[in-house]
Amino acid sequence: MIDLEKITDPSFVKDLSMKELKELAFQIREFLIDNISKTGGHLSSNLGIVEITLAMYYVFDPEKDKFLFDVGHQSYVHKILTGRAKDFKTLRKLDGLSGYISKDESKYDIWESGHSSTSISAASGMIVAGEKDRVIAIIGDSSIMNGVALEGLNFLGQLKDKNPIIILNDNKMGISKSVGALTKTLQRIRGSKLYSKLKKFLNTITPTFLSGFVHQIKRGLKGFIQRDNIFEEMGFDYYGPYEGNNLKYCIKMMKKIKNSKEPIVIHFITKKGKGYLPSENDTEGDFHGVGPFDIETGIQYKNDDFKNYSKHVADFLCEKRKEEQFYVVTPAMKSGSMLNEFAKLYPNDFFDVGIAEEHAADMAAGIALLNKKVVLLFYATFAQRAYDMLLNDISRQNLKVIIGIDRAGIVGEDGATHQGIYDISMLSAMPNIKIFMPKDDIETIGLFNYAFNHLDSPIAIRYPRASFKIKSYDYKYECSPEWEIIKKGNKANVISYGPDVVRISNLDLDINVYNAKSIKPIDEIMLKNIFESNLLIIIVEQVISSGSLYDKILNFKEKNNYISKIYSLSFNEDTIIKHGKIDDVLDRYGFSDEKIKDFILDKIK
């Protein structure tokens, strides 16, 4: 039994027997289940990749070879083997262990990959820049199906003398079940049972020095049994598919390709959630990223009296669909955006396009071209990946798309690559588009209904990663995006949007509080009244300052020659927001109730 918390570097793996390696795999799974049940985190992906990661460290040299993990949430086993098991109690907490690859944590963390499908392109850059040692991209959770990954494959397959290795961790899942034509292509590549059995037999009996010769025989057999292989057509020497949860087999196959001189794709089929039955049986993505849960039952701890904004918007869409027909498009966010019920009730109107944000945006634009209503749902952080399509193909053409921007503002534990603080800056620069953010659950329904009933341009509606107490709703309620004053006072005019408006109005301060639910366009009539009060103005917003509401109000002030002092509480665009519980992160960066209060008092004293 190895004390995982005393591991300092991965060199010990090479000295273990096969029996000891298998025991270590079992131990790592037990460790992950136990720790993640307490802290929350990405469970299923890491349970599935245990054997592949152990085989990598057994066969390759981590002191020289470069491991690039695509979607860093599949890197927990890598973290354990590189000496960070002792830190797992702090996983995703402020100043604790990151849930993704982090170069600040370890020299073994090469490529920081919070978003998917980037590792192959990064490997291409390292190789052409002269990296002498092996560059190994580990890509999984359906990330291979994203356009960026395919662009990387297209480039890397031509580098015949650079011997890159791509390890494809094929668990047939993204967050939830994989979708699309490339999924069917991978199914064909997985091959017939006859070929799989024959291949396994040949691999078992073949000595390493004959592996190249036998590999060519297998390629010929496969070509006879199976029509096509996208990786071979793109220039890669393809090995697989192999059993990715069979440790001995993983090691044997990696040894065979270790010294290849050709670009390699080695394809392993794994079971997402391997070793924990509730996670293995999950097809909806409930165990992809989890909160704390009961190990015995697999039930996540939550308060049934509360629900989050993702579920609230999904419930609204289900109710709205009873009144009128419209489409919903999302890039692999069926589970994350709580759209399972909508997809079940209205399968002909729902499209999960997989990890393909750019395609999702242009597909929504195509629907709008035919004057059909469409709701395009992103996490704020993933909307960034579709910048050009949102700009040129939706906003510039003034296509009437309702864009749901989920998890806007501070998102907490997912950290720097996932904070929803850039979308307003991004969208504000685009023509025609309107940007709204409701202050609460009731206003969320009201603004979505406004968007459906007054859809004359693209409308983006932001909502946070937050929960609220469940109540009954009038799903026909509509509210105007015009600004409103929700608290009156004498010392200052404080302008904000989203739930921060409610928090600020509850502070014991003698101030006017304005709900700027339309961030673009600004409410110039209300702003005129605000400036003419001659009180100082404070804008509070959980976004970067560049391109923010603050910028818009400054421009309005200059254009109209007003003299009121204006202050902004926002994030500097050079600040990288760390991971941690939302309340802890808000406090660290000046957005807790007390620190907002202190900021305002400092300005009005």
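Residues numbered from 1 in each chain as written. Predicted model: local features only at pLDDT ≥ 70, side-chain atom pairs only at ≥ 80, totals over all residues. Heavy atoms only, no water.

Regarding the overall build of the protein
Counting its secondary structure elements, the protein contains 24 helices and 21 strands. The C-alpha radius of gyration computed for the protein amounts to 26 Å, which stays within 12% of the reference 25 Å derived for 605 residues, consistent with globular compactness. Looking at the protein as a whole, 59% of its 605 residues qualify as buried. The average position of the 81 basic charges and that of the 81 acidic charges among the side chains of the protein differ by 5 Å. (Helix = DSSP H or I, 4+ residues; strand = E, 2+ residues; numbered from the N terminus. Rg over C-alpha atoms; globule rule 2.2 N^0.38 Å. Buried < 20%, exposed > 50% of the residue type's maximum accessible area, 1.4 Å probe, protein only. Lys, Arg positive; Asp, Glu negative; His and termini not counted. Charge placed at Lys NZ, Arg CZ, Asp CG, Glu CD.)

Points about the pattern of salt bridges
Counted by the stated rule, this structure contains 37 salt bridges. Residues Arg29 and Glu51 are paired through a salt bridge, measuring 2.8 Å at the closest nitrogen-oxygen approach. Of this pair, Arg29 sits in helix α1 (residues 18–39) while Glu51 is found in helix α3 (residues 50–59), placing the two residues 22 residues apart along the sequence. Across the salt bridge formed by Lys434 and Asp456, the nearest N and O atoms sit 3.0 Å from each other. (Salt bridge = Lys/Arg side-chain N within 4 Å of Asp/Glu carboxyl O.)

Remarks on the packing of helix α13 (residues 309–321) against helix α19 (residues 441–453)
Axis separation between α13 and α19 bottoms out at 11 Å; the angle between their running directions is 45 degrees. Relative to α19, the element α13 lies oblique. Our pair here, α13 against α19, has a crossing hand that is right-handed. Contact with α13, carried on its side by Tyr309, His312, Val313, Phe316, Leu317 and Lys320, involves Asp441, Thr444, Ile445, Phe448, Asn449, Phe452 and Asn453 of α19 and no other residues of that element. Partitioning the contact of α13 with α19 into residue classes produces 7 nonpolar, 4 polar and 2 charged. (Axes fitted to C-alpha atoms, helices over the stretch in contact; angles between N-to-C directions. Parallel < 35°, antiparallel > 145°, perpendicular 65-115°, else oblique. Left-handed = near helix turned anticlockwise from the far one by under 90°. Contact = heavy atoms within 4.5 Å. Nonpolar A, V, L, I, M, F, W, Y, C, P; charged D, E, K, R; others polar.)

Considerations on helix α11 (residues 247–257)
For α11, the tally of buried residues reaches 8 of 11 residues, placing the bulk of the element in the interior. Within α11 the residues assigned to the buried category are Leu247, Tyr249, Cys250, Ile251, Met253, Met254, Lys256 and Ile257. You can read the cap of α11 off the contacts: a side-chain oxygen lies 3.3 Å from the backbone nitrogen of Lys248, and it is on Asn246. (Polar contact = N/O pair within 3.5 Å; in protein donor to acceptor, adjacent residues only side chain to side chain.)

A closer look at the packing of helix α15 (residues 357–369) against helix α17 (residues 387–395)
Here α15 crosses α17 at 10 degrees, and the two axes come no closer than 9 Å. The angle between α15 and α17 places the two elements in the roughly parallel class. Counting all contacts with α15, which are made through Glu358, Ala361, Asp362 and Ala365, the residues of α17 involved are Met389, Leu390, Asp393 and Ile394.

Structural notes on the packing of aromatic side chains
Both the distance between ring centres and the angle between the ring planes are used here to describe each pair of aromatic rings. Tallied over the entire structure, the rule returns 27 aromatic pairs. Note on Tyr76 and Phe88: the rings are 5.8 Å apart at their centroids and 80 degrees apart in plane angle, and the pair reads as edge-to-face. Of this pair, Tyr76 sits in helix α4 (residues 76–84) while Phe88 is found in the loop between α4 and α5 (119–128), placing the two residues 12 residues apart along the sequence. Both residues of the pair, Tyr76 and Phe88, belong to the buried class. Between the aromatic rings of Phe436 and Tyr450, the centroid separation amounts to 5.9 Å while the plane-to-plane angle is 65 degrees, which identifies the pairing as edge-to-face. (Phe/Tyr/Trp six-rings, centres within 6.5 Å; stacked < 30°, edge-to-face > 60°.)

Quick word on the sheet that holds strand β3 (residues 135–140)
Taken in spatial order, the 5 strands of this open sheet run β2-β3-β4-β6-β5, and their pairing is parallel. Two strands in the sheet have a free side with no partner beyond their single neighbour: β2 (66–69) and β5 (237–243). Shown here is a sheet whose adjacent strand axes are inclined to one another by a mean of 20 degrees, direction ignored. Here β5 pairs with strand β6 (residues 264–269) via 5 bridges, running parallel. Note on β6: the bridge partner recorded for Tyr242 is Phe268. Where α11 meets the sheet, its contacts fall on β4 (165–170), β5 and β6, and the angle it forms with β6 comes to roughly 175 degrees. (Pairing = 2+ DSSP bridges.)

Quick word on the sheet that holds strand β17 (residues 493–496)
Within a beta sheet, neighbouring strands are joined by backbone hydrogen bonds and run either parallel or antiparallel to one another. Ordered by their spatial adjacency, 5 strands build an open sheet running β16-β18-β17-β20-β21, and the pairing between neighbours is mixed. Each edge of the open sheet carries a strand with a single partner, namely β16 (484–487) and β21 (566–571). Strand after strand, the sheet turns through a mean of 25 degrees between neighbouring axes, direction not considered. Looking at chain direction, β17 and strand β20 (residues 537–544) are connected through 3 bridges and run parallel. Paired with Val494 across the bridge in β20 is Ile538.

Some thoughts on the pairing of strand β11 (residues 374–379)
Most of β11 is tucked away: 6 of the 6 residues are buried. Burial of the side chains of β11 extends over both faces: Val374, Leu376 and Phe378 are buried on one face and Val375, Leu377 and Tyr379 on the other. For strand β9 (residues 327–330) and β11, the ladder comprises 3 bridges, and the chain directions are parallel. Looking at β11, one finds that Val329 is bridged to Leu376.

Considering the side chain of Lys272
On the secondary structure map, Lys272 appears in the loop between β6 and α12 (277–280). A distance of 2.9 Å separates the side chain of Lys272 from the side chain of His288, its partner in a polar contact.

Re the environment of Leu447
Locating Leu447 in the fold gives a position in helix α19. Judged by relative accessible area, which is 0%, Leu447 ranks as buried. Not counting residues within four places of it along the chain, the set of residues in contact with Leu447 comprises Phe436, Met437, Pro438, Ile461, Cys479, Ser480, Pro481 and Lys517.

Notes on the side chain of Ser75
Secondary-structure assignment places Ser75 in the loop between β2 and α4. Ser75 gets classed as buried once you look at its relative accessible area, which sits at 0%. In this structure Ser75 touches Asn46, Phe69, Tyr100 and Ile101, once residues within four positions along its chain are discounted.

Let's talk about the environment of Ser45
One can find Ser45 in helix α2 (residues 44–48). The spacing of Ser45 and Gly273 is 228 residues in sequence and 6.3 Å in space, taken between C-alpha atoms. The contact partners of Ser45, leaving out residues within four places of it in the chain, are His73, Gln74, Asp141, Lys272 and His288.

Concerning the nonpolar core
The biggest cluster of nonpolar side chains holds 55 residues, and the ones touching the most others in it are Ile28, Ile167 and Ile266. With 8 residues, α1 is the single largest residue contributor to this core. For Ile167, the contacting residues outside a window of four places in its chain are Ile52, Met56, Ile136, Ala137, Ile138, Ile139, Met254, Ile266 and Phe268. With 52 residues, the next largest nonpolar core counts Ala383, Ala460, Tyr550 and Ile553 among its residues. (Core = buried A, V, L, I, M, F, W, Y, C linked by side-chain atoms within 4.5 Å.)

Details of the pairing of strand β12 (residues 402–406)
In summary, the side chains of a regular strand alternate between the two faces of the sheet. Extensive coverage of β12 is indicated by the burial of 5 of its 5 residues. Side-chain alternation along β12 places Ile402, Gly404 and Asp406 on one buried face and Ile403 and Ile405 on a second face that is also buried. Two strands pair when backbone bridges link them, and β11 and β12 are joined in this way by 5 bridges, in the parallel orientation. Counterpart to Phe378 in the pairing with β12 is Ile405. Taken together, the 4 bridges between β12 and strand β14 (residues 459–462) define a ladder with parallel strand orientation. When the bridges of β14 are listed, Gly404 appears paired with Ile461.

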